[in-house]
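Here is how the chains run, residue by residue.
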Amino acid sequence: FAIGGSLGKDGSELAELLGWMMPLLDEEGRRDKPRHLLGIADDRNIPNGIANGIDTFDSCYPTRLARHGTFLTRKEGHLHIAS
């Protein structure tokens, strides 16, 4: 299932919408299909999406960060390297 576009005005509205929507995708016949969040994948919304049952994400955010020398890590958060 593809979920996306503009979902709410901020992360808290996105969390509220996913909290309402994702149980609908747990109904019989829908459980085994992947759930993909389109265009929303920043470091604040990824953990929330995972907690709500999102399987995959796509976004330009990680690529944009990498272009400017920033890595996203689990332990250290954002790491910036200089060239």
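The rules we used
- Residues numbered from 1 in each chain as written.
- Predicted model: local features only at pLDDT ≥ 70, side-chain atom pairs only at ≥ 80, totals over all residues.
- Heavy atoms only, no water.
- Helix = DSSP H or I, 4+ residues; strand = E, 2+ residues; numbered from the N terminus.
- Buried < 20%, exposed > 50% of the residue type's maximum accessible area, 1.4 Å probe, protein only.
- Contact = heavy atoms within 4.5 Å.
- Areas by Shrake-Rupley, 256 points an atom, 1.4 Å probe, with all protein chains shown as cover.
- Lys, Arg positive; Asp, Glu negative; His and termini not counted.
- Charge placed at Lys NZ, Arg CZ, Asp CG, Glu CD.
- Pairing = 2+ DSSP bridges.

**Q** Describe the overall build of the chain, naming the residues involved and giving the relevant values.
**A** Along the chain, the regular secondary structure elements total three helices and five strands. When its helices and strands are written in sequence order, the chain yields β-α-β-α-β-α-β-β. Projected onto its principal axes, the C-alpha positions of the chain cover 50 × 25 × 20 Å. A buried classification covers 23% of the 83 residues belonging to the chain. Pairs at least 24 residues apart make up 37% of the contacts formed inside the chain by residues separated by at least 6 positions. Working note: accessible area of the chain is about 6,000 Å², and carbon and sulfur atoms make up 54% of it. Averaging the coordinates of the 10 positive side-chain charges in the chain and doing the same for the 12 negative ones gives two points 4 Å apart.

**Q** Outline the environment of N45, supporting the account with residue identities and numerical values.
**A** Assignment of secondary structure puts N45 in helix α2 (residues 45-51). Setting aside chain neighbours within four positions, we find N45 in contact with G11, L14, I40 and F57.

**Q** Please set out the pairing of strand β4 (residues 70-73) residue by residue, giving values where relevant.
**A** Relative to strand β5 (residues 77-80), β4 is paired through four bridges, and the arrangement is antiparallel. Note that in β5 the partner of F71 across the bridge is L79. The turn linking β4 back onto β5 is made up of three residues.

**Q** With reference to specific residues and values, describe the side chain of N48.
**A** In this fold, N48 is placed in helix α2. The buried category is assigned to N48, whose relative accessible area is 17%.

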